[in-house]
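# Descriptive analysis of the structure
Here are the chains, one letter per residue:
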Number of protein chains: 10
Amino acid sequence: MSSVEISPVTTKLLAAKKLKGLTFGDLEQILGRDEVWIASLFYQQSAASEDEASKLLHALDLGEELIPELTTYPTKGLGPIVPTDPLIYRFYEIMQIYGMPMKEVIQEKFGDGIMSAIDFTLDIEKEADPKGDRVKVIMNGKFLSYKKW
Amino acid sequence: MSSVEISPVTTKLLAAKKLKGLTFGDLEQILGRDEVWIASLFYQQSAASEDEASKLLHALDLGEELIPELTTYPTKGLGPIVPTDPLIYRFYEIMQIYGMPMKEVIQEKFGDGIMSAIDFTLDIEKEADPKGDRVKVIMNGKFLSYKKW
Amino acid sequence: MSSVEISPVTTKLLAAKKLKGLTFGDLEQILGRDEVWIASLFYQQSAASEDEASKLLHALDLGEELIPELTTYPTKGLGPIVPTDPLIYRFYEIMQIYGMPMKEVIQEKFGDGIMSAIDFTLDIEKEADPKGDRVKVIMNGKFLSYKKW
Amino acid sequence: MSSVEISPVTTKLLAAKKLKGLTFGDLEQILGRDEVWIASLFYQQSAASEDEASKLLHALDLGEELIPELTTYPTKGLGPIVPTDPLIYRFYEIMQIYGMPMKEVIQEKFGDGIMSAIDFTLDIEKEADPKGDRVKVIMNGKFLSYKKW
Amino acid sequence: MSSVEISPVTTKLLAAKKLKGLTFGDLEQILGRDEVWIASLFYQQSAASEDEASKLLHALDLGEELIPELTTYPTKGLGPIVPTDPLIYRFYEIMQIYGMPMKEVIQEKFGDGIMSAIDFTLDIEKEADPKGDRVKVIMNGKFLSYKKW
Amino acid sequence: MSSVEISPVTTKLLAAKKLKGLTFGDLEQILGRDEVWIASLFYQQSAASEDEASKLLHALDLGEELIPELTTYPTKGLGPIVPTDPLIYRFYEIMQIYGMPMKEVIQEKFGDGIMSAIDFTLDIEKEADPKGDRVKVIMNGKFLSYKKW
Amino acid sequence: MSSVEISPVTTKLLAAKKLKGLTFGDLEQILGRDEVWIASLFYQQSAASEDEASKLLHALDLGEELIPELTTYPTKGLGPIVPTDPLIYRFYEIMQIYGMPMKEVIQEKFGDGIMSAIDFTLDIEKEADPKGDRVKVIMNGKFLSYKKW
Amino acid sequence: MSSVEISPVTTKLLAAKKLKGLTFGDLEQILGRDEVWIASLFYQQSAASEDEASKLLHALDLGEELIPELTTYPTKGLGPIVPTDPLIYRFYEIMQIYGMPMKEVIQEKFGDGIMSAIDFTLDIEKEADPKGDRVKVIMNGKFLSYKKW
Amino acid sequence: MSSVEISPVTTKLLAAKKLKGLTFGDLEQILGRDEVWIASLFYQQSAASEDEASKLLHALDLGEELIPELTTYPTKGLGPIVPTDPLIYRFYEIMQIYGMPMKEVIQEKFGDGIMSAIDFTLDIEKEADPKGDRVKVIMNGKFLSYKKW
Amino acid sequence: MSSVEISPVTTKLLAAKKLKGLTFGDLEQILGRDEVWIASLFYQQSAASEDEASKLLHALDLGEELIPELTTYPTKGLGPIVPTDPLIYRFYEIMQIYGMPMKEVIQEKFGDGIMSAIDFTLDIEKEADPKGDRVKVIMNGKFLSYKKW
């Protein structure tokens, strides 16, 4: 059993999606929201509006009694300190190895500050490649400059 | 004092770069390698060829006695388990919150496997935006499928 | 599922508040206690008097059988060592970055000692700002001087 | 010996300030920056402009060779995971106990999001009180709303 | 009770295998997959095709309602940070002691990169020896070279 | 700087080997010991006989004053709890994912016990493959049966 | 509640033993195994033969349905990293304080290697002493010499 | 480099002992103290009397300026939380696996209490055995009964 | 919910005590044991005799079926590594800050050894004080001298 | 080497005290402060007035250049998370075992709040006892009641 605990709501949503044969890409069409954002809603890391929740539950043939779960602002964070799942660990490794270099380059281009993880989007694309397809992850966050006071 | 220990080599390289008034973007022009990769070389997270090391040291007006440090395959990993620097922490937070959703979307598009962090590139772009400039981070890694045997 | 475990009592109180359409600000009017203190009571981090507990349960249309839960002196502390929820993490980050500077300034003004977290109040205000509203957190604790003996 | 490592630069700045008999409040007058921000500069958690660094060093009778240390964007974070110093620990305790309640109240007032720790100020005031003076800490950060995409 | 949590699915599969008197070696014959891979499927660390899942459940006299559990791409990772079970700990010890030496030898033979744990097979053989039988573990992974960009 | 501390002896040995242009494979020829074992001697994880130490130092053009360092029985263990270097981490990941399955298969073949990490050898081979060369790691340890008493 | 989780099987065995008024010493007579080994079987840290399991359950008036639990090779390890129970902690303290000295003396007598914890027995005796009885713990493990290869 | 830091005093004592060709057993004859206790003195985990310190230094041809180091009551504890050295780890493993069983047997024989690690001796013997010599470790500590008050 | 898990037995005892309106001081009168010891019995950190257990249950109007729970020698230790409850944390802080000073003073008065936590009593008194009542904690443990052997 | 790092100032003070043959009890007479408080000053956990520092240095025949070290408000906390020194560990164990019981008794006597560790004194007495002398530790801290607001 893995060290990420999956809530009953997440389990229900994933099962319904499987049953309906829908992909996150299909849900992107239905909801008008990006597939990654929708997946983060499945994992209760984002909060939907009543209308979005209702549309999603309808698409999954689930009852509206799940609306409160989907519209509550969640207490966020899914994982153990160091993730054991290899797919997720690779992102941790990237931070371990390229974290300081990214800090250097971002600060050189922008000054002292950070990339927001709140005013932020994340997209995943599949890039066909004869030597093996590639995963492309595009993060896009507002630069926030340290305020002096 | 922060919890990331900077090696004397890194300190020397960063100081020389500052003195020469060069940006990582300038070095990108000179070396023909991406600025993030060059920054990872500064932090001894990547290994250069003899030729690349020599070109870099020349550009920085540093002696060739640093070549071995730059061409050795490094023992990698820069940071404490949970990073305290806010810029780097945000990437850890992204993994905490969007890790499982990314796993869902990547696996839906590709099957059971991971995005390689080895056959991998990382680019950083500045996106002008009237509401505040944005940081764009593009990760691009080969998809590796779990082998069955 | 996040790493903060919410007790059944907290869940019941939050659900009742939502059902009644009450804010913590409304409860402040009813109970004559600050909204943050009331929220800390919801999370079983503070203890109410019998009378306060009774008033609160009445306002929430909940039965008096919860009075003992609300009046017991709680074993306090809600979270994992490093919080993963971004809103709470930011306060941890503030302590990481401004902890020593605050220590310098407080000790310069008051001498060797601490700000009490027991004889202590905490208020949260919304400050309207055309560039984006601001959160104002006011902590107010008695200064306690180290006793020499 | 405490678990917070103080860098040689911090030690030099604090010693010079003591020698000159200056308080952080005095430096506030000279630099036109808040005393807490200046203390964070002493601890290399903030970066000064060349001009601010020069003014500060002048006020402390220190040479300009420290300018690069003060103007470099620092790798931030001062402390061990759980701080042992009682003054700093109390802020950690406040987060442990009032973290979730603050989250409830902030989100009720503002929606799903966080208080920025970057577009952020922190002030410390002494409040006279016959029963014992009080420490007032005022944090003020821009509210950042979670972006949906 | 040990610190590795065994999921109900794993428990069911192991019990059925015991009841049927089958070894992993027998299942290797039936499924056409290696015994270690099959054991990793029992522990929900690998994902089977529908056909493989069906064959396995048939061999174990279990119903097809377990197919979804066996075909889902799992969130991987079984154990606590440092394993307490002596058999598993020995592999951790090998990494502690021979990790850096292996890195030296692999990098000398292949260059800067890693042995893939994804494009990877693992076999276990029993080697008869008059002084005591020996366990032979053969790991075989594709070498992945660090990409420069 | 990585989290594995390299001792001055290791640094000296590695530098001399580089200078002499020798590989671990060359040293295998000279010493009559496996290259991985020799690398473990470099990292002070194994102890040589006086004769082996002397031969090695001779081959590396180093003085005999290092003999005591090479013949002392070392206090073993090189790394942090979870390794950050990607090459070494992959072995940790293999233990996380295939640890319990290996335990099942080994115990099925041998009974209750462990593979010794002391009466143990480890070989690394390069397997040419048109789709990319492969790393082959062969571990071979005596099976130790739990004694009942 | 202590941090060692006791499994239902252990609880059942301990309760039956108490009910029957048997000591581990009595069971030693019945089973022909040492009392410590039997206690380790109670805690599912050792595996019995079918015959031993049957004899034990008979002695405790428990049904044979527990045989599989007692004959399965367990996943071993009972405790948290640093034990909190004072009796067990003292053994941890002995390792903290006398660990390195024991290593010196054992290696001086035997060479580079370890005491096996697998080919191993452990006895506990009560030594009467007018100044207070003494606990005598005798550990006896095969010496395993590091293999060179 | 291992994770146990050896103090300069320990290094000096061990080097002198090696130079003089003395074993801990020889020192036992000279000092009239057990070899394990003497080894614990080498590692500054025990304190000698002036007379014992003087005798030991004399035997090792070391000057009396080390007497204060050997007679000071040390701050004890040598190791990291989980030891990585295999010889020492095996004692940790014994505690992990046989800790609770030992507690059962000791408490059955003595009542609620502990074996003292202070009024305590530890001996190590070599037991010749045709199937491989065995290490015998005898711990002997006063039983301390929990006081009720 | 706090990080100290309260067992069902503790919960039952505390509830019964509240219902009967008894204080630990009252129970001290009834049982002839100190109130702190009785509280430690409530938390299953001490073991009562049959007679004490019976008296206590009678006083609390609880059935005798709890006798085994109260007379079993418990596996001790209540808390997380660093306690989050402020009242308990203060004792941890005292150990952090005054631990080494206490060691100096105790060893100066008694020699190399420890204060027993087993042959030990702990009393709590309320000291009236016009400037605010004071808590007096008196610990009293037998001094145990390190045995040399 | 123990895991508590002793600062050079502490080392100097302890050495001077030893040389002068003074006990902390003697210093109590000279300074008019309790011996434990003075020991905490030695370990830089408390701050002296200029006058106290001067008196202490005079008594120890040390120069006044140490005055700033002794009068600076220290960053407090001496130890690792779980102390390994047996004398200090026993206090940690007391908190582990009697922490919750003390909380119950203190709160029963005083209400919801804590014992201050700031407005606090700590005394150590030697109690002669024919069965073995006893250590008496008296902690005395102001009770602080949780403020409601």
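From a predicted model like this one, the values you see are computed outputs, not experimental measurements.

What follows deals with the overall build of chain A. Helix and strand counts for chain A stand at 6 helices and 2 strands. Each helix and strand of chain A, placed in order from N terminus to C terminus, yields the pattern α-α-α-α-α-α-β-β. Across the 149 residues of chain A, 54% fall into the buried class. Long-range pairs, those at least 24 residues apart, make up 54% of the contacts in chain A between residues at least 6 apart in sequence.

Entries for chain A in the domain assignment read domain 1 (8–71) and domain 2 (86–145). One C-alpha centre belongs to domain 1 of chain A, the other to domain 2 of chain A, and the line joining them spans 26 Å.

Another point: helix H2 (residues 24–31) of chain C. Listed in full, the buried residues belonging to H2(C) are C:Phe24, C:Leu27 and C:Leu31. Taken around the axis of H2(C), the buried residues stretch over an arc of 50°, which confines them to a single face. On its buried face, H2(C) is in contact with helix H3 (35–42) and helix H4 (50–59) of chain C together with helix H6 (86–110) of chain D. Looking one or two places after H2(C), you find C:Gly32, whose phi comes out positive at around 70°.

Bringing the relation of the copies chain D and chain A into the picture now. Superposition record for chain D on chain A: RMSD 0.0 Å, screw rotation 180°, translation along axis 0.0 Å. What the superposition gives is, in effect, a two-fold axis relating one chain to the other. Residue D:Ser116, judged by its C-alpha, is the member of chain D lying nearest the rotation axis, at 4.7 Å. A shared interface surface links the copies, since 100% of the contact residues of chain D are contact residues in chain A too.

As a further point, take the arrangement of the chains. Without any contact between them, chain F and chain I keep their closest C-alpha atoms 18 Å apart. One finds no contact between chain B and chain J; the C-alpha atoms of the two approach each other to within 14 Å at their closest.

Moving on: the packing of helix H2 (residues 24–31) of chain B against helix H3 (residues 35–42) of chain B. Residue and element names in this part refer to chain B. At a closest axis distance of 8 Å, the pairing of H2 and H3 adopts a crossing angle of 100°. Relative to H3, the element H2 lies roughly perpendicular. Each of Phe-24, Gly-25, Leu-27, Glu-28 and Leu-31 in H2 lies in contact with H3, whose residues at this interface are Glu-35, Ile-38 and Ala-39. Residues belonging to the contact of H2 with H3 are distributed by class as follows: 5 nonpolar, 1 polar and 2 charged.

Paired through backbone hydrogen bonds, the strands of a sheet run either parallel or antiparallel to each other. Spatial strand order, E1(G)-E2(G)-E2(H)-E1(H): 4 strands in an open sheet with antiparallel pairing. Looking along the sheet, the strands with just one partner apiece sit at the ends: strand E1 (113–127) of chain G together with strand E1 (113–127) of chain H. Adjacent strand axes in the sheet meet at a mean angle of 20° when their direction is disregarded. As paired strands, strand E2 (residues 134–145) of chain G and strand E2 (residues 134–145) of chain H are joined by 9 bridges and run antiparallel to one another. In the sheet register, G:Ile138 faces E2(H), and the bridge partner there is H:Ile138.

Residue and element names in this part refer to chain J. Examined bridge by bridge, strand E1 (residues 113–127) and strand E2 (residues 134–145) share 11 bridges and lie antiparallel to one another. What sits directly across from Ile-124, in E2, is Val-137. Connecting E1 to the next strand, E2, in antiparallel fashion are 6 residues, including Gly-132 with a positive phi near 125°.

Quick look at the interface of chain A and chain B now. The interface is formed by 58 residues belonging to chain A together with 58 residues belonging to chain B. Listed by contribution, the elements that provide at least two residues to the side of chain A that touches chain B are helix H3 (35–42), helix H6 (86–110), strand E1 (113–127) and strand E2 (134–145) of chain A. In terms of residue count, H6(A) provides more of the side of chain A that touches chain B than any other element does, 23 residues in total.

Let us now look at helix H1 (residues 8–20) of chain B. Residues and elements named next belong to chain B. The end-to-end C-alpha distance of H1, which contains 13 residues, comes to 18 Å, matching closely the 18 Å that a straight helix rising 1.5 Å per residue would cover. Turning to H1, its buried residues are Thr-10, Leu-13 and Lys-17. Along the long axis of H1, the arc covered by the buried residues comes to 70°, so they all point the same way. For H1, the exposed residues set more than 90 degrees away from the buried face come down to Pro-8, Thr-11, Lys-18 and Leu-19. In this structure, the buried residues of H1 make contact with H3. The positive-phi residue at the C-terminal boundary of H1 is Gly-21, with phi of around 70°.

Its location among the elements puts H:Asp34 in the loop between helix H2 (24–31) and helix H3 (35–42). A C-alpha to C-alpha distance of 21 Å links H:Asp34 and H:Pro68, two positions 34 residues apart in sequence. Setting aside anything within four residues of it in sequence, one finds H:Asp34 in contact with H:Glu28, H:Thr121, H:Asp123 and I:Trp149.

Each side of the interface is counted separately: chain D has 20 residues, and chain A has 20 residues. The element contributing the most residues to the side of chain D that touches chain A is strand E1 (residues 113–127) of chain D, with 7 residues. A breakdown of the residues in the side of chain D that touches chain A according to their chemical character gives 9 nonpolar, 5 polar and 6 charged.

The subject of this paragraph is the relation of the copies chain A and chain B. Superposing the two chain copies requires a rotation about an axis and a translation along that axis. With an RMSD of 0.0 Å, the operation that places chain A on chain B is a rotation of 180° combined with a shift of 0.0 Å along the axis. Mapped onto chain B, 100% of the interface residues of chain A are again interface residues, and the two copies thus contact each other with one and the same surface.

With that settled, the discussion passes to the sheet that holds strand E1 (residues 113–127) of chain B. Strand order in the open sheet made by the 4 strands is E1(A)-E2(A)-E2(B)-E1(B), with antiparallel pairing throughout. Two strands bound the open sheet, and with one partner strand each, they are E1 of chain A together with E1 of chain B. If you compare each strand with its neighbour and ignore which way they point, the axes differ by 20° on average.

Backbone geometry at B:Asp61 places phi at a positive 60°, although glycine is not the residue there. Inspection of the secondary structure assignment puts B:Asp61 in the loop between helix H4 (50–59) and helix H5 (67–71). Notably, G:Gln44 is not glycine yet its phi reads approximately 55°, a positive angle. In this fold, G:Gln44 is placed in the loop between helix H3 (35–42) and helix H4 (50–59). Its 21 C-beta neighbours within 10 Å are what place G:Gln44 among the buried residues.

This next bit is on the confidence of the model for chain A. Per-residue pLDDT for chain A has a mean of 92; in total, 98% of the residues score no lower than 70. This prediction of the complex comes with two scores: 0.91 for pTM and 0.91 for ipTM.

With that settled, the discussion passes to the environment of I:Asp119. Within the secondary structure, I:Asp119 is located in strand E1 (residues 113–127). Along the chain, I:Asp119 and I:Leu144 lie 25 residues apart, while their C-alpha atoms are 9.7 Å from each other. Once you skip the residues sitting within four places of it in the chain, I:Asp119 turns out to touch H:Leu144, H:Lys147, I:Gly141 and I:Lys142.

This part takes up the environment of F:Gly141. Turning to its location among the elements, F:Gly141 is positioned in strand E2 (residues 134–145). Here the alpha-carbon distance between F:Gly141 and F:Gly63, two residues 78 residues apart in the chain, equals 35 Å. If sequence neighbours within four positions are ignored, F:Gly141 has contacts with E:Arg134, E:Val135, F:Met115, F:Ser116, F:Ala117, F:Asp119 and F:Phe120.

About the cut-offs
- Residues numbered from 1 in each chain as written.
- Chains lettered and ligands numbered in written order.
- Predicted model: local features only at pLDDT ≥ 70, side-chain atom pairs only at ≥ 80, totals over all residues.
- Helix = DSSP H or I, 4+ residues; strand = E, 2+ residues; numbered from the N terminus.
- Buried ≥ 20, exposed ≤ 12 C-beta atoms within 10 Å, placed from the backbone.
- Contact = placed C-beta atoms within 7 Å.
- Domains from an automatic or database assignment.
- Arc of directions from axis to C-beta.
- Least-squares fit on C-alpha atoms with pLDDT ≥ 70 in both.
- Axes fitted to C-alpha atoms, helices over the stretch in contact; angles between N-to-C directions.
- Parallel < 35°, antiparallel > 145°, perpendicular 65-115°, else oblique.
- Nonpolar A, V, L, I, M, F, W, Y, C, P; charged D, E, K, R; others polar.
- Pairing = 2+ DSSP bridges.
- Expected span 1.5 Å × (residues − 1).
- pLDDT = per-residue confidence, 0-100.

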